[in-house]
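Residue-level structure breakdown
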Amino acid sequence: MTQNLVETKGLCKSYGGALRVKDLHMQVPEGAIYGFLGPNGAGKSTTLKMILGLAHPTGGEIDVFGKRMNAKNRLDILKDIGSLIESPSYYGHLTGEENLKILQTLRKVPEQNIREALEIVRLTSQKDKQVAHYSLGMKQRLGLAAALLAHPRLLILDEPTNGLDPAGIQEMRELICDLPRRFGMTVLVSSHLLSEIDQMATHVGVIADGALVYQNTIDRLHEKSEHHLALRTLNNPLAQAILTHDGVINDLDADEIILPPLENEEVAHCVALLTDSGIGVLRIEERRKNLEDIFLELTEGAASL
Ligand SMILES: Nc1ncnc2c1ncn2[C@@H]1O[C@H](COP(=O)(O)OP(=O)(O)OP(=O)(O)O)[C@@H](O)[C@H]1O
């Protein structure tokens, strides 16, 4: 059985008497890219901060690497976690490499890790440039390099593509997707953008108003999307009557007939039935309820998904 690198049990956080994270049971399997998805204000950052020991839980437990996190072992556990939370701050007058050098000295990791981290985030050719002259995307990649410096087992990224242009988003996404395969890392990454999580994650947890409303593999989520067939013919009303007479469940919707997900043989049978009756079949399309609809249902219309 795969080990969960992060497991929260009944995790809660309240601010000023208002419960912002509610009874969270989150499970991040080893080697996963776990997309933590939710609208703005849902409680993603608060949860990630609690896992990183930057916010104190009001209730519940956090296990990381199979160990219950407490005041005693927190620093030990954090040594194996790299993180990128909020916009990282740098010394603008220093180069990218010099900024990493400071962190490398502080964290007491080998100097060669700097070169490796710069290579992974594709900043080697820009390492001698002052950070003040970096683009936002380059700064964010430098933040990722900093998070990777100590070769962490677990990487926690809070909205790493926020504010980036499409090219920057794609670059960041590619870098993140590569990490489990190349380095055996586990990634926990938050986003309010469904499409982004859909393109990166192997697992997904959806949080809405502080509660985890869905957690599973991304494949299971796709399976959840109901699919159906849309059929267009030269005479839909007559085609519908023939199909109904033959016992095929269907529904006439605007200019197409909606059929349930049929087996190949059943589709062939329907087409033969219609063509034998002189009705030309124009097209048959397989349709899925899109993920956006599913997320809106899960979050009950919570904004900005
Ligand atoms: N330090 C704090 N003091 C008081 N309330 C807070 C604090 N931090 C977060 N909150 C509140 O907790 C809720 C969850 O915020 P959080 O930042 O975790 O959400 P989020 O899902 O990360 O959203 P976003 O994508 O906007 O960052 C919000 O209502 C927020 O206002």
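The notes below deal with the structure included here. Just so it is clear, the structure is predicted and the values come from calculations on it, not from any experiment.

Strand pairing within a sheet occurs via backbone hydrogen bonds; the two strands may be parallel or antiparallel. Strands sit in the order 13-14-12-15 across an open sheet of four strands; the sheet is antiparallel. In the strand order of this sheet, the two ends are held by strand 13 (251–253) and strand 15 (281–288), each with one partner. When the angles between neighbouring strand axes are averaged without regard to direction, this sheet yields 30 degrees. Both strand 12 (residues 227–233) and strand 14 (residues 256–259) contribute to a ladder of three bridges, which runs antiparallel. From the neighbouring strand, Leu231 faces strand 14, where its bridge partner is Ile257.

Another point: the site of the ligand. Inspection of the region around the ligand gives Tyr15, Arg20, Pro39, Asn40, Gly41, Ala42, Gly43, Lys44, Ser45, Thr46 and Glu159 as its neighbouring residues. One of the backbone nitrogen or oxygen atoms of Gly41 is found 2.6 Å away from an oxygen atom of the ligand. The protein chains hide 60% of the 630 Å² of surface that the ligand would expose on its own. With three residues, the top contributor of residues to the shell around the ligand is helix 1 (residues 44–51).

Among the nonpolar cores identified, the biggest contains 31 residues, and Leu144, Leu148, Leu155, Leu157 and Val187 are the most heavily contacted of them. Elements with a contribution of two residues or more to this core: helix 4 (112–120), helix 5 (136–148), strand 8 (154–158), helix 6 (166–183) and strand 9 (186–191). The element contributing the most residues to this core is helix 5, with seven residues. Grouped together as the second largest cluster of nonpolar side chains are 27 residues, Val6, Ile51, Met69 and Ile81 included.

All right, on to helix 6 then. With 18 residues, helix 6 extends 26 Å from end C-alpha to end C-alpha; this agrees with the ideal 26 Å at 1.5 Å per step. By the burial criterion, the buried members of helix 6 are Gly168, Ile169, Met172, Arg173, Leu175, Ile176, Leu179 and Pro180. Once helix 6 finishes, Gly184 follows within two positions and takes phi at roughly 65 degrees, a positive value.

Turning to unusual backbone geometry, a few remarks are in order. Located in the positive-phi region is Asp23, a residue other than glycine, with phi close to 50 degrees. Note that Asp23 resides in strand 2 (residues 18–24). With relative accessibility at 48%, the residue Asp23 sits in the partly exposed group. Phi angles above zero are rare outside glycine, and Arg122 is one such case at about 55 degrees. If you trace the backbone, Arg122 turns up in the loop between helix 4 and helix 5. We classify Arg122 as partly exposed; its relative accessible area is 38%.

In this section: the side chain of Thr95. Turning to its location among the elements, Thr95 is positioned in the loop between strand 7 (81–84) and helix 3 (96–107). On the basis of relative accessibility, which here comes to 12%, the residue Thr95 falls in the buried class. In this structure Thr95 touches Lys127, Asp128, Lys129, Gln130 and Val131, once residues within four positions along its chain are discounted.

What counts and how
- Within any chain, residue numbers begin from 1 and follow the written order of that chain's sequence.
- In keeping with the model being predicted, local features are shown solely for residues with a pLDDT of at least 70 and side-chain atom pairs are shown and tallied solely at 80 or more, while totals for entire chains, interfaces and linings include all residues.
- Computation of side-chain values covers all heavy atoms of the structure but excludes hydrogens and water.
- By definition, two strands form a pair when at least two bridges between them are found by DSSP.
- For the purposes of this entry, the term helix denotes a DSSP run of H or I that reaches at least four residues, the term strand denotes a run of E that reaches at least two, and both are numbered from the N terminus.
- Geometry is summarised by axes, namely lines fitted to C-alpha atoms with helices restricted to the contacting stretch, and by angles between N-to-C directions that run from 0 to 180 degrees.
- Summary of the distance rule: residues count as near a molecule or strand when at least one heavy atom falls within 4 Å of that molecule or strand.
- Any pair of nitrogen or oxygen atoms within 3.5 Å is treated as a polar contact; in protein, a donor-acceptor pairing is required on top of that, and neighbouring residues in sequence qualify only through side-chain atoms on both sides.
- For accessible areas, the Shrake-Rupley method is used with a probe of radius 1.4 Å. Any residue's cover is judged against the shown protein chains and nothing else.
- Buried residues of nine kinds, namely Ala, Val, Leu, Ile, Met, Phe, Trp, Tyr and Cys, make up a nonpolar core once their side-chain atoms join them within 4.5 Å.
- Each residue gets one of three labels from its accessible area relative to the maximum for its type: buried under 20%, exposed over 50%, partly exposed in between, using a 1.4 Å probe on protein chains only.
- One less than the number of residues in a helix, times 1.5 Å, gives the span that helix is expected to have.
- The contact criterion used is simple: two residues touch if any of their non-hydrogen atoms lie within 4.5 Å.

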